[in-house]
Amino acid sequence: MVELIISLAILAMVTVAIVGVMTSQTSIFRKSKKDLEVQTTASETYEKINDAVMQAKYIYIEGYTSSSDISFKATEKGKTDSTTPSLVRIYRQSDRNILDVYPSMNSTTMTSISASSRSSISDAASLAKFDQFWKNLRYMSNDEKEQYGMFLHNIQTNKTSASSAAHIYSDYRHESISGGVKTVSFDKIYVSKIIVGYAVPLDRSLVSGVTIPSDIDKDLLIEQYDFNDNKITLKSTYRYMTSLNNTDVYSDDLNYRKTSGDDVSGAVMTFDSANNALALDMYFADQKMSYTSKSMTVLRNSYVLDDAK
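Residues numbered from 1 in each chain as written. Predicted model: local features only at pLDDT ≥ 70, side-chain atom pairs only at ≥ 80, totals over all residues. Heavy atoms only, no water.

1. Section: the overall build of the protein chain
Next up, step 1: Assigned secondary structure in the protein chain consists of 5 helices and 15 strands.
Next up, step 2: Residues classed as buried in the protein chain amount to 42% of the 309 residues present.
Next up, step 3: For the protein chain, long-range pairs separated by at least 24 residues make up 68% of all intrachain contacts whose partners lie at least 6 apart in sequence.
Next up, step 4: With an accessible surface of roughly 16500 Å², the protein chain has 52% of that area assigned to carbon and sulfur atoms. (Helix = DSSP H or I, 4+ residues; strand = E, 2+ residues; numbered from the N terminus. Buried < 20%, exposed > 50% of the residue type's maximum accessible area, 1.4 Å probe, protein only. Contact = heavy atoms within 4.5 Å. Areas by Shrake-Rupley, 256 points an atom, 1.4 Å probe, with all protein chains shown as cover.)

2. Describing the pairing of strand 5 (residues 181-186)
Next up, step 1: As paired strands, strand 4 (residues 173-178) and strand 5 are joined by 6 bridges and run antiparallel to one another. Residue pairing across strands places Ser176 opposite Thr183, the latter belonging to strand 5.
Next up, step 2: What sits between strand 4 and strand 5 in their antiparallel hairpin is a turn of 2 residues, with Gly179 showing a positive phi close to 65°. (Pairing = 2+ DSSP bridges.)

3. Topic: the pattern of salt bridges
Next up, step 1: Counted by the stated rule, this structure contains 14 salt bridges.
Next up, step 2: Measuring nitrogen to oxygen at the nearest pair gives 3.6 Å for the salt bridge that ties Arg92 to Asp307. Placement of the pair is Arg92 in the loop between strand 2 (86-91) and helix 2 (93-101) and Asp307 in the segment after strand 15 (297-298), with a sequence separation of 215 residues. Accessibility assignment for this pair places Arg92 and Asp307 in one class, buried.
Next up, step 3: Across the pair Asp263 and Lys258 runs a salt bridge, and its minimum N-O distance is 3.6 Å. (Salt bridge = Lys/Arg side-chain N within 4 Å of Asp/Glu carboxyl O.)

4. Section: the environment of Ala56
Next up, step 1: One can find Ala56 in the loop between helix 1 (2-54) and strand 1 (58-65).
Next up, step 2: Through-space distance from the C-alpha of Ala56 to that of Ile195 is 9.6 Å; in sequence the pair is 139 residues apart.
Next up, step 3: Residues in contact with Ala56, not counting those within four places in the same chain, are Val196, Gly197, Tyr198, Asn301 and Val304.

5. Observations regarding the side chain of Thr259
Next up, step 1: One can find Thr259 in the loop between strand 10 (256-257) and strand 11 (264-265).
Next up, step 2: Within the local environment of Thr259, its side chain forms a polar contact with the backbone nitrogen of Gly261, the two atoms lying 3.0 Å apart. (Polar contact = N/O pair within 3.5 Å; in protein donor to acceptor, adjacent residues only side chain to side chain.)

6. A word on the nonpolar core
Next up, step 1: The biggest cluster of nonpolar side chains holds 42 residues, and the ones touching the most others in it are Ile59, Ile61, Ile194, Phe227 and Met282.
Next up, step 2: At the level of secondary structure, the elements contributing two or more residues to this core comprise helix 1, strand 1, strand 2, strand 6 (189-201), strand 7 (218-228), strand 8 (231-238), strand 12 (267-272) and strand 13 (277-284).
Next up, step 3: Excluding residues within four positions of it along the chain, Ile61 makes contact with Val88, Arg89, Ile90, Tyr169, Ile189, Val191, Lys193, Ile194, Met269 and Phe271.
Next up, step 4: Leu127, Leu137, Phe151 and Leu220 belong to the second-largest nonpolar core, a separate cluster that totals 24 residues. (Core = buried A, V, L, I, M, F, W, Y, C linked by side-chain atoms within 4.5 Å.)

7. Structural notes on the pairing of strand 2
Next up, step 1: Of all 6 residues making up strand 2, 5 are buried, and the element is well covered by its neighbours.
Next up, step 2: Taken together, the 5 bridges between strand 1 and strand 2 define a ladder with antiparallel strand orientation. Of the residues in strand 2, the one forming a bridge with Glu62 is Arg89.
Next up, step 3: As judged from the 4 bridges shared by strand 2 and strand 3 (residues 165-168), these two strands associate in the parallel manner. Along strand 3, the bridge assignment pairs Ile90 with His167.

The structure is reproduced here in structure tokens:
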């Protein structure tokens, strides 16, 4: 009987040990699985946004400038930073000039602009702006004008209404010469909104109520990414395939910092308008994950950040 009791006691101890090991392994597996899911989501989010920006035909940025760098440590999600950032809106020069002259811009307004439109403008500042953007607009077809007008209307509809400075991309690129050596530096923009327009294949089965010329095989997709603390919201708007229009939270893993002003999310851009290039860095929370550009990447379409000279 004594031997039986001892045997049962030993068996119980072994069973408890085995269950403990299995529980520990299960916990490790679940954590590893969660870590992998977060890493995969972060990677997919970065690749999606970076790819959309790289193939942009049009792009508009809102974000913040700061007198000192803002760091995004994975262990300090939502911590307070001492800086006071300034909100800015960033355009290509002609985009800003068109919206200054025609603030109620849409596709119809855009196609109605012609050389004779100049005669209806009286003040010198608006005339100078018209002359600047007309140099490029005059060569666009009506279809190109409609796409461009749709993009600019999207900016006017969705830009932040709070008072903020309007800039152009070249404002954030600086050149200096010392000892005969030229140095180029770039200001960081802590992004709060990206509106980007680019061409996608047209599936006519997804189009209704619109007559499309037979030679058109591309649709215009306008994507709006809003960065709000840890969340990235994606709004998709199609020119023709409107049944695909959608708004959804694309990611909630982004790192961010609280400041004495607005919160700043961990998406950082720099622009080299002289070379039609930019860089995107993103910092995610919960894991030590960041995606940083080694150098500027040239955009696939020409004259996205600056106008043709």
